[in-house]
Amino acid sequence: MPELPEVETVRSDLARLACGDEVVEVKVNENRVFRDDPSGGRDLVQMEGQFVSAVMRWGKYLILLVSPDQNYRPVQQFGRSIIPSVDWSDHAVTAVLLHLGMSGQILLLGDRAEDPRHLHLTIGLSSGTRIGFADTRTFGRVLVSSGMGAGPLNEIRHLGADPIQDPCGADLAFDRTSGSVSPIKAQLLDQGRICGVGNMYADEILIRAKVHPRTPGTNLSNRDISALKRSVYRVFEEAISLRGSSLKDMTYKDVSGQPGMFQERHLAYARAGRPCLICGDSIVKERFQNRYSHFCPNCQKLGPCD
DNA sequence: AGGGGCACCTGTATGC
DNA sequence: TGCATACAGGTGCCCC
Ligand SMILES: [Zn+2]
């Protein structure tokens with residue numbers, strides 16, 4: 001599943017492939033990807049003839065900046081705090097937002113005869129490169145942002161701190177954690193507090209911090225909060241360097257179809273019944289809010305008394 | 001206000 | 001073999 005490290009891997013590959021290229025052709029095969037786009041995809045088609053200025057990311061959203069000016073580049077293209085602070089109101093720039101949902105893939109396409117199934121959208125570039133958006137479960141979506149100017153894009157205004165993009169991302173993200181009774185895992189999954197964490201990385205963060213997923217925020221010590229912050233960085237930085245996690249189902253692969261390698265470092269996710277790599281006890285799998293949590297009942301205790 | 005529940009979707013795996 | 005069911009889960013919306 002594409003979460004922050006997978007989307008970041010796609011972002012950096014796509015930036016290398018597409019920056020400076022002209023959008024020659026936009027082809028739409030499946031209108032449902034535009035269900036949240038006010039123009040139903042027409043605005044994207046009208047970008048033919050414009051140029052890719054940058055490929056950015058906030059949480060699990062990919063952000064393509066497209067401009068009629070071939071030489072325009074946003075000031076902080078490779079820096080941090082891009083979305084909240086850069087003022088591009090003096091440029092003719094449009095942001096295209098892509099969310100991969102559960103099974104969305106950005107793919108570097110080859111021969112047309114070998115196009116994959118569920119290819120909903122293709123973007124042809126002047127270099128000859130064809131970029132595809134394929135998505136079997138169709139939870140992914142694409143939309144052209146309505147508002148550019150100072151401050152965040154309207155459509156992702158609700159997102160909280162991005163722990164990698166924001167200089168103090170994890171500090172910002174955890175400032176309200178111990179004031180809420182919500183289970184810590186629900187707080188990690190809340191994109192309005194910290195964005196980019198999904199079910200898989202939530203479990204990997206929690207087991208490294210030795211915190212039980214159902215611990216209410218109000219029961220967390222300062223030590224727990226510090227451990228959680230450190231785990232967020234540890235997990236995301238290592239997962240990005242290993243190009244994300246690809247499981248058996250291969251719902252995530254990179255733009256060239258290659259798997260990531262962070263799944264080999266998993267301590268909890270998809271390891272139910274196998275030994276905890278810290279203490280040897282069996283990892284358990286437990287229903288949690290329409291998903292599953294994977295954790296070690298010995299390393300991650302719920303209360304002070306058990 | 002904020003938290004819980006659910007719809008959306010389809011390929012794969014499992015059970016009878 | 002075939003049909004039914006479970007499962008994977010991010011997001012947004014409804015409801016309390
Ligand atoms: Zn353990």
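Residues numbered from 1 in each chain as written. Chains lettered and ligands numbered in written order. Predicted model: local features only at pLDDT ≥ 70, side-chain atom pairs only at ≥ 80, totals over all residues. Heavy atoms only, no water.

1. Thoughts on the protein's contact with DNA strand B
- Looking at DNA strand B, the residues that line it are Arg32, Arg117, His118, Thr136, Arg137, Thr138, Phe139, Ser180, Ser182, Arg193, Gln289 and Asn290.
- For DNA strand B, the backbone makes up 63% of the atoms found within 4 Å of the protein, where backbone means sugar plus phosphate.
- Separating a phosphate oxygen of DNA strand B from a side-chain N or O atom of His118 is a distance of 3.1 Å.
- When the residues that make up the surface near DNA strand B are grouped by side-chain class, the tally is one nonpolar, seven polar and four charged. (Near = heavy atom within 4 Å. Polar contact = N/O pair within 3.5 Å; in protein donor to acceptor, adjacent residues only side chain to side chain. Nonpolar A, V, L, I, M, F, W, Y, C, P; charged D, E, K, R; others polar.)

2. Examining the domain arrangement of chain A
- Structurally, chain A comprises domain 1 (4-156) and domain 2 (167-295).
- Each of domain 1 and domain 2 was reduced to a C-alpha centroid, and the two centroids are 27 Å apart.
- Of the residues lining the interface, 21 residues belong to domain 1; the matching set on domain 2 comes to 20 residues.
- When domain 1 packs against domain 2, close to 1,700 Å² is buried across both sides, 62% of that on carbon and sulfur atoms.
- The interface formed by domain 1 and domain 2 holds one salt bridge in total.
- Put simply, Asp13 and Arg243 hold a salt bridge, and the shortest N to O gap is 2.5 Å.
- Scanning the region where domain 1 abuts domain 2 turns up eight residue pairs in polar contact (both at pLDDT 80 or more).
- Contributing elements (two or more residues each) for the side of domain 1 that touches domain 2: α1 (4-18) and β5 (104-109).
- At eight residues, the largest contribution of residues to the side of domain 1 that touches domain 2 is made by α1.
- When its residues are assigned to classes, the side of domain 1 that touches domain 2 shows nine nonpolar, six polar and six charged. (Domains from an automatic or database assignment. Contact = heavy atoms within 4.5 Å. Buried area = accessible area lost by both parts, 1.4 Å probe. Salt bridge = Lys/Arg side-chain N within 4 Å of Asp/Glu carboxyl O. Helix = DSSP H or I, 4+ residues; strand = E, 2+ residues; numbered from the N terminus.)

3. Description of the protein's contact with DNA strand C
- The environment of DNA strand C is formed by 18 residues, the closest being His99, Met102, Phe139, Tyr269 and Tyr292.
- When atoms of DNA strand C within 4 Å of the protein are split into backbone and base, the sugar-phosphate part holds 70%.
- Contacts to DNA strand C include Asn199, whose backbone N or O atom sits 3.2 Å from a phosphate oxygen.
- Residue Lys285 places a side-chain N or O atom 3.0 Å away from a phosphate oxygen belonging to DNA strand C.
- Among the secondary structure elements, those contributing two or more residues to the surface near DNA strand C are β9 (284-288) and β10 (291-295).
- Its residues placed into classes, the surface near DNA strand C shows six nonpolar, five polar and seven charged.

4. A short note on empty space enclosed by the protein
- Evaluation of the coordinates by the stated rule reveals four cavities of 30 Å³ or more.
- Each pocket or cavity is described by its volume, and for the largest cavity that value is around 150 Å³.
- Considering the residues around the largest cavity, the lining is formed by 14 residues, among which Leu14, Leu64, Leu98, Ile123 and Ile131 are closest to the centre.
- A breakdown of the residues in the lining of the largest cavity according to their chemical character gives 13 nonpolar, one polar and no charged.
- The computed volume of the second largest cavity comes to approximately 50 Å³.
- Around the second largest cavity, the lining residues are Val23, Leu44, Met47, Val52, Leu64, Val66, Val96 and Ile123.
- Considered class by class, the residues forming the lining of the second largest cavity number eight nonpolar, no polar and no charged. (1 Å grid on protein atoms, 1.4 Å probe; cavity = no way out; pocket = protein on both sides within 12 Å on 5 of 7 lines; lining within 4 Å. Points joined across faces, edges and corners; volume = space filled by probe spheres on them.)

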